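# Architecture and fold: a report
The primary structure of each chain is shown beneath.
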Protein chains: 2
Amino acid sequence: MKDNAAVRFQLLHTDPATKARRGRLTTPHGTVETPVFMPVGTAATVKAVKPEDVKALGAEILLSNTYHLFLRPGHEIVKEAGGLHTFMNWDGPILTDSGGFQVFSLGAMRKIKEAGVEFRSHIDGGAHMLTPEKSIEIQNALGADIIMAFDECTDYPVDRTYAEEAAERTTRWLLRCKAAHRDTERQSLFGIMQGGMYKDLRKRSAEQITGMDLPGYAIGGLSVGEPKQMMYDILDDCVDLLPADKPRYLMGVGSPDALFEGVERGVDMFDCVLPTREARHGSVMTSRGDLNIKNARYARDFGPLDPECDCYTCSHYSRAYLRHLFKSGEIMSAMLLSIHNLRFLTRTMEEIRQSIEDGRFLAFKESFFSSWNANE
Amino acid sequence: MKDNAAVRFQLLHTDPATKARRGRLTTPHGTVETPVFMPVGTAATVKAVKPEDVKALGAEILLSNTYHLFLRPGHEIVKEAGGLHTFMNWDGPILTDSGGFQVFSLGAMRKIKEAGVEFRSHIDGGAHMLTPEKSIEIQNALGADIIMAFDECTDYPVDRTYAEEAAERTTRWLLRCKAAHRDTERQSLFGIMQGGMYKDLRKRSAEQITGMDLPGYAIGGLSVGEPKQMMYDILDDCVDLLPADKPRYLMGVGSPDALFEGVERGVDMFDCVLPTREARHGSVMTSRGDLNIKNARYARDFGPLDPECDCYTCSHYSRAYLRHLFKSGEIMSAMLLSIHNLRFLTRTMEEIRQSIEDGRFLAFKESFFSSWNANE
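Residues numbered from 1 in each chain as written. Chains lettered and ligands numbered in written order. Predicted model: local features only at pLDDT ≥ 70, side-chain atom pairs only at ≥ 80, totals over all residues.

Right, let's talk about the domain arrangement of chain A for a bit. All names here are of chain A. Partitioning chain A into domains gives domain 1 (28-271) and domain 2 (273-366). The centre of domain 1, based on its C-alpha atoms, is set 27 Å off from the matching centre of domain 2. Listed per partner, the contact involves 20 residues of domain 1 and 21 residues of domain 2. Secondary-structure elements contributing two or more residues to the side of domain 1 that touches domain 2 are strand S4 (36-39) and helix H10 (256-264). Per-element accounting of the side of domain 1 that touches domain 2 gives the leading share, 4 residues, to H10. Considered class by class, the residues forming the side of domain 1 that touches domain 2 number 14 nonpolar, 3 polar and 3 charged. (Domains from an automatic or database assignment. Contact = placed C-beta atoms within 7 Å. Helix = DSSP H or I, 4+ residues; strand = E, 2+ residues; numbered from the N terminus. Nonpolar A, V, L, I, M, F, W, Y, C, P; charged D, E, K, R; others polar.)

Right, let's get into the interface of chain A and chain B. Each partner contributes to the interface: chain A provides 31 residues, whereas chain B provides 31 residues. When contributions to the side of chain A that touches chain B are tallied by element, the ones reaching two or more residues are helix H3 (75-80), helix H4 (84-88), helix H13 (319-327) and helix H14 (331-357) of chain A. Sorting elements by how many residues they give to the side of chain A that touches chain B places H13(A) first, with 5 residues. Taken together, the residues of the side of chain A that touches chain B sort by class into 18 nonpolar, 6 polar and 7 charged.

It is worth spelling out the sheet that holds strand S14 (residues 269-272) of chain A at this point. Residue and element names in this part refer to chain A. If you walk across this open sheet you meet the 8 strands as S4-S14-S13-S12-S11-S10-S6-S5, and the pairing is parallel. Edge positions in the sheet fall to S4 and strand S5 (62-64), since each of these pairs with one other strand and no more. Averaged over all pairs of adjacent strands, the angle between strand axes in this sheet comes to 25 degrees, irrespective of strand direction. Examined bridge by bridge, strand S13 (residues 248-250) and S14 share 2 bridges and lie parallel to one another. Pairing of Leu250 across the sheet is with Phe270, part of S14. (Pairing = 2+ DSSP bridges. Axes fitted to C-alpha atoms, helices over the stretch in contact; angles between N-to-C directions.)

By the secondary structure assignment, Arg248(A) is in strand S13. Those residues in contact with Arg248(A) that sit more than four places away from it in its chain are Tyr217(A), Ile219(A), Val239(A), Leu242(A), Gly266(A), Val267(A) and Asp268(A).

All right, on to the relation of the copies chain A and chain B then. Two chain copies, one operation linking them: a rotation about an axis together with a shift along it. In the superposition of chain A on chain B (RMSD 0.0 Å, axial shift 0.0 Å), the rotation amounts to 180 degrees. The transformation just described matches what one would write down for a two-fold rotation axis. Within chain A, Ile331(A) has its C-alpha nearest the rotation axis, a separation of 3.6 Å. A symmetric contact is evident, with 100% of the interface residues of chain A recurring at the interface of chain B. (Least-squares fit on C-alpha atoms with pLDDT ≥ 70 in both.)

Turning our attention to the pairing of strand S11 (residues 188-193) of chain B. Working note: regular strand, side chains alternate between the two faces of the sheet. All names here are of chain B. Of all 6 residues that make up S11, 6 are buried, and the element is covered over most of its length. Taking every second residue as pointing to the same face, both faces of S11 are buried, with Ser188, Phe190 and Ile192 on one and Leu189, Gly191 and Met193 on the other. The pairing of strand S10 (residues 146-148) with S11 spans 3 bridges and is classified as parallel. If you follow Met148 over to S11, its bridge partner there is Phe190. (Buried ≥ 20, exposed ≤ 12 C-beta atoms within 10 Å, placed from the backbone.)

Strands in a sheet are paired, the pairing made by backbone hydrogen bonds, and the direction either parallel or antiparallel. All names here are of chain B. In space, the 3 strands of this open sheet follow the order S7-S8-S9, with antiparallel pairing throughout. In this open sheet, the two strands that pair with only one neighbour each are strand S7 (110-112) and strand S9 (127-130). Strand-to-strand twist in this sheet, taken as the mean axis angle between neighbours without regard to direction, amounts to 15 degrees. Bridging between S7 and strand S8 (residues 117-120) involves 3 bridges; their strand directions are antiparallel.

This brings us to unusual backbone geometry. Between Thr34(B) and the following residue, Pro35(B), the backbone shows a cis peptide bond with an omega angle of 5 degrees. Going from Arg72(B) to Pro73(B), the amide bond is cis rather than trans, its omega being 10 degrees. Relative to the elements of secondary structure, Pro73(B) occurs in the loop between helix H2 (66-71) and helix H3 (75-80). Its identity is not glycine, yet Ala44(A) carries a phi of approximately 65 degrees, on the positive side. Here Ala44(A) is to be found in the loop between S4 and helix H1 (51-56). A positive phi angle is found at Asp213(B), which is not glycine, with a value near 50 degrees. Topologically, Asp213(B) is positioned in the loop between helix H8 (199-210) and strand S12 (217-219).

Below is the structure:
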């Protein structure tokens, strides 16, 4: 890797008892302490949370979606606006995915070819094609600090033949992505490992992509419907296949239990729509487990969502008020619950980082889950 | 009026050329400079705008709705929470309406009797009754600084017989409201004038209600569908029927032209859902007139909504971004456009107040409308 790569990773501490690690990403838009949870801003906005509030709750890097921004408003418009950072008023680091996962998720509305993926827009049914080169072109226009390879993500369950085919194509597409991406000083391209739930395929995929000397690597094709224990089992092997001096990103994972298990196995980066999506449905993440704000028991509950939380919402509003807002269909409900859920995960990651520095990650994990399972 | 009334009004300046006046309301939760536009927080939230942002954009007093809070979450819950200020995290002045206008707007779902109004909830069809005493009980529980009399608002057009009947009943109900409201040091009760579009009925209504020596008076039954010029004509007479040393509140008015015309005729207070409702529909109030953010011409327009605006939205986001958010159905669209529209009206009122102090109200009005009608 060149020294003037856009994104560089520094490994600061490794937990003596596990593979958990404490690191730091340096990007053109600032540093990111790892392990990190990245809030998702699909359409160039973290849904219902102003950028200043996203920053205030401790988030250091956002994820945004190539597929969505390509279709609407179009990457040329974002580029003309001065890039995604300016467009959405977020001056911190951004990671864009490649659109791969989204087009594969379209099912019958997409067709995979060696050249790329033909698909129909979920918005208006219009025909489009994403290729490795097109994905890079779009991501170059968006201008995120970290851009992702265009990969072929498989579902669960998947037969071995297709898993192998998808992993091999992902490698060939990565070569094309790397060739298409020129300005490595402005944006860093991360490769993505595939291979389904087949450990030997994962190993081969890892060997192929790490041979390309990229500034970071992601583990794709997990959290796609398999049992959590199976994901952890695959992770046990996967992480060791990736170089220790590069950041490791587990895509699409954001439940508290999976974050701890991922960190314990040496993962540095996570993203998920879970905290904001759940918030819009009234589901609240707390130190004692999830609660549903719709529940009648909160009608006269004048305490905060989570007594241990320091977020804006918990500092100023009661469960009774938040239940009232949710039941009234008020936008403010999504705003306040999203801030809380994002802060919950961000604070959990802060505490995880501190516990790794202090050499007590497993003790912290145990104490977290002893109260988290209280199921109040 | 007793000297220890909750709300007191101080008349600071009167425009030499018109009846426009500059005043100040002192309330238990702070002072309010008049003429003032009050943003509406129907269900104990200004839709899509956090209280800190409402304050930051210059709003000094909010209006909230008795009808809505009575039905959901119920005024007892708001009272148990410590009152409306605590419940909704707004420590500034609040005015609550009486629920009168809302129940009359239910049409076939309500029945007016001398005792009060029987109605069915718009939420679940449940049967309820609002009386002058009940409205005061609810408003006492909510704890707003200014509470409103339970009145009978008539539509436009309305025949003389019914307009007279409604105005007379409004007076009888005001007597009952006044008798029911005890703690005048904590909350001030304003009376409401009715009388439809009949000037002699307006005069009689004014004489009856001002005879009760209340700390403020509202003009109800306008902006109910009549031509604007008719409203201004009625206002010409109405305002002079109210005492000069008490605040005058024109209910439900918030379009820029009506604000100027109201101020010119001596009105001190206004409220309307217009700025936030329009914002949710993509309609933007600007110094050059309204614009619809959906319009294709804004797709590549990287300027602010209004080049003359100092709001958060105009400082950080482009029309192209806001159009993208609106077309994507993002909650952030309602958030950012609401902030802008509220700031537009709040800033216009700031400028109106300054122009009255400077004795150039009419000149300011003329300059405002010369660009406002530009219809860009």
